[in-house]
Amino acid sequence: VKFSREQEISSKEIITVERSLLSNLLFPGELTGAWVSGKGIQVHWLYELGIYGSDRAREFSDFNTGAVVLGKVGYDYSSQAGLDSAIVSFHYMHNSEPGYGAEQTDSNFKPSNSPSFKDSIALTNDITHGRFGLTTDVIYGFGFVGDAEQNGKIKAIDQSDVFGISLIPSYFIADGLQLVGRLQWATSQDSDDLSLPGRYENYAPPKPKKDTGDSYTSAYVGLNYYLYGHKLKLMNGLEYSKMGGGEYDGYTFFSGLRFSF
């Protein structure tokens, strides 16, 4: 379910090692659904509309626990701006069962919970020109307060609204060698409604005693070397991140080989 520009880009082709905090927080998972999309309408316009079962299932959804609906409208202004590509779009996602988590019936598959947000909106902008690229996401999630079924039990949910901005500039400093940056900032209306990303920061020794807060700021810089396009690339990055109202303030160094075939 490709809500936000970062989620629209395949994990095979993202240029940072991980996506930003809010992009992952609002991601409902791999769901069963159907969608229609089109582009080049009246030359510049594009759209997408999809509906999905809200439960994250190993096989197909039973379609008995609500739905996630995602709609998008975008505009391609590359010709007017004189850029190689330039698309601005607006995304709206509705979740009829926020916080829902299917009961675990298979020891080899643990379904994740649906995001605790009733509605989410995103304004995205993606441009490329020559060696330069810039991806921008402005995201707002409307928090949910109420009860949700999780693993066969009823759980009280109290999630406030969240807001965030992510900027990802990039530049090919040589053939196959790309300099990448990212600035992200996120905030929640209530305290302790943001959590550290599940990977890396939350596992760095010593593990923080308090991994939640009301604001998150990070700055990332990295170098990617493309051996065979996005099918085989080396990725290295250094990120500074701080959880406001929490107990994390530190650096993470990433180094990896990403390949697909």
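In this report, the structure presented in the accompanying data block is examined. (Residues numbered from 1 in each chain as written. Predicted model: local features only at pLDDT ≥ 70, side-chain atom pairs only at ≥ 80, totals over all residues. Heavy atoms only, no water.)

As a further point, take the overall build of the protein. Within the protein one finds three helices and 15 strands. Taking 261 residues into account, the globule formula puts the C-alpha radius of gyration at 18 Å, and the protein, at 19 Å, falls close to it. Considering the protein as a whole, with its 261 residues, one finds that 42% of them fall into the buried category. By sequence separation, contacts in the protein at least 24 residues apart represent 55% of the contacts at least 6 residues apart. (Helix = DSSP H or I, 4+ residues; strand = E, 2+ residues; numbered from the N terminus. Rg over C-alpha atoms; globule rule 2.2 N^0.38 Å. Buried < 20%, exposed > 50% of the residue type's maximum accessible area, 1.4 Å probe, protein only. Contact = heavy atoms within 4.5 Å.)

Here the focus is the layout of surface pockets. Each pocket or cavity is described by its volume, and for the largest pocket that value is around 1200 Å³. Along the wall of the largest pocket there are 43 residues; nearest its centre are Gln7, Leu21, Asn24, Leu25 and Phe27. Only helix H1 (5-8), helix H2 (21-25), strand S2 (45-53), strand S10 (177-188), strand S11 (194-195), strand S13 (215-226) and strand S15 (249-259) provide two or more residues apiece to the lining of the largest pocket. Element by element, the count of residues in the lining of the largest pocket is highest for H2, at three residues. (1 Å grid on protein atoms, 1.4 Å probe; cavity = no way out; pocket = protein on both sides within 12 Å on 5 of 7 lines; lining within 4 Å. Points joined across faces, edges and corners; volume = space filled by probe spheres on them.)

Time to look at the packing of aromatic side chains. Per the stated rule, a full pass over the model turns up ten aromatic pairs. Where Tyr140 meets Phe142, the ring centres are 4.8 Å apart and the plane angle is 55 degrees; that geometry is what we call tilted. If you follow Arg182 out to its NZ or CZ, it ends over the ring of Tyr220, 5.4 Å from the centre. (Phe/Tyr/Trp six-rings, centres within 6.5 Å; stacked < 30°, edge-to-face > 60°. Lys NZ or Arg CZ within 6 Å of the ring centre and 35° of its normal.)

As for its placement among the helices and strands, Glu103 is situated in the loop between strand S4 (85-95) and strand S5 (117-129). Residues Glu103 and Ile121, 18 residues apart in the sequence, show an inter-C-alpha distance of 29 Å. Leaving out residues up to four positions away in the same chain, Glu103 has contacts with Asn151 and Gly152.

Within the structure shown, the criterion is met by eleven salt bridges. With a shortest N-O distance of 2.8 Å, Arg5 and Asp126 are connected by a salt bridge. Of this pair, Arg5 sits in helix H1 while Asp126 is found in strand S5, placing the two residues 121 residues apart along the sequence. Classification of Arg5 by relative accessible area gives partly exposed; the value is 22%. Overall, the relative accessible area of 17% leaves Asp126 in the buried class. For Arg58, the salt bridge is made with Asp106, and the minimal N-O distance between the two is 2.6 Å. Note that Arg58 is positioned in the loop between S2 and strand S3 (67-76) and Asp106 in the loop between S4 and S5, a separation of 48 residues in sequence. Taking relative accessible area as the criterion, Arg58 reaches 48% and is therefore assigned partly exposed. Note on Asp106: relative accessible area 26%, which makes it partly exposed. (Salt bridge = Lys/Arg side-chain N within 4 Å of Asp/Glu carboxyl O.)

Ranked by internal contacts, the top residues of the largest apolar core, which has 20 residues, are Val1, Phe3, Leu22, Leu194 and Tyr216. For this core, the secondary structure elements donating two or more residues are H2, S3 and S5. Listed in part, the eight residues of the second largest apolar core include Val17, Val180, Tyr220 and Met235. (Core = buried A, V, L, I, M, F, W, Y, C linked by side-chain atoms within 4.5 Å.)

Adjacent strands of a sheet form backbone hydrogen bonds with each other and so pair up, either parallel or antiparallel. Strand order in the open sheet formed by eleven strands is S1-S2-S3-S4-S5-S6-S9-S10-S13-S14-S15, and the pairing between neighbours is antiparallel. Each edge of the open sheet carries a strand with a single partner, namely strand S1 (33-41) and S15. Ignoring which end each strand starts from, the neighbouring axes of this sheet average 10 degrees apart. Two strands pair when backbone bridges link them, and strand S6 (residues 132-143) and strand S9 (residues 162-174) are joined in this way by ten bridges, in the antiparallel orientation. Residue pairing in the sheet places Leu134 in a bridge with Pro169 of S9. (Pairing = 2+ DSSP bridges. Axes fitted to C-alpha atoms, helices over the stretch in contact; angles between N-to-C directions.)

Right, let's get into the side chain of Ser188. Within the secondary structure, Ser188 sits in strand S10. For Ser188, a relative accessible area of 8% translates into the label buried. Within polar-contact distance, the side chain of Ser188 engages the backbone oxygen of Asp190 at 2.6 Å. Those residues in contact with Ser188, other than ones at most four positions away along the chain, are Ser160, Asp161, Val162, Asp193, Leu194, Gly213 and Asp214. (Polar contact = N/O pair within 3.5 Å; in protein donor to acceptor, adjacent residues only side chain to side chain.)

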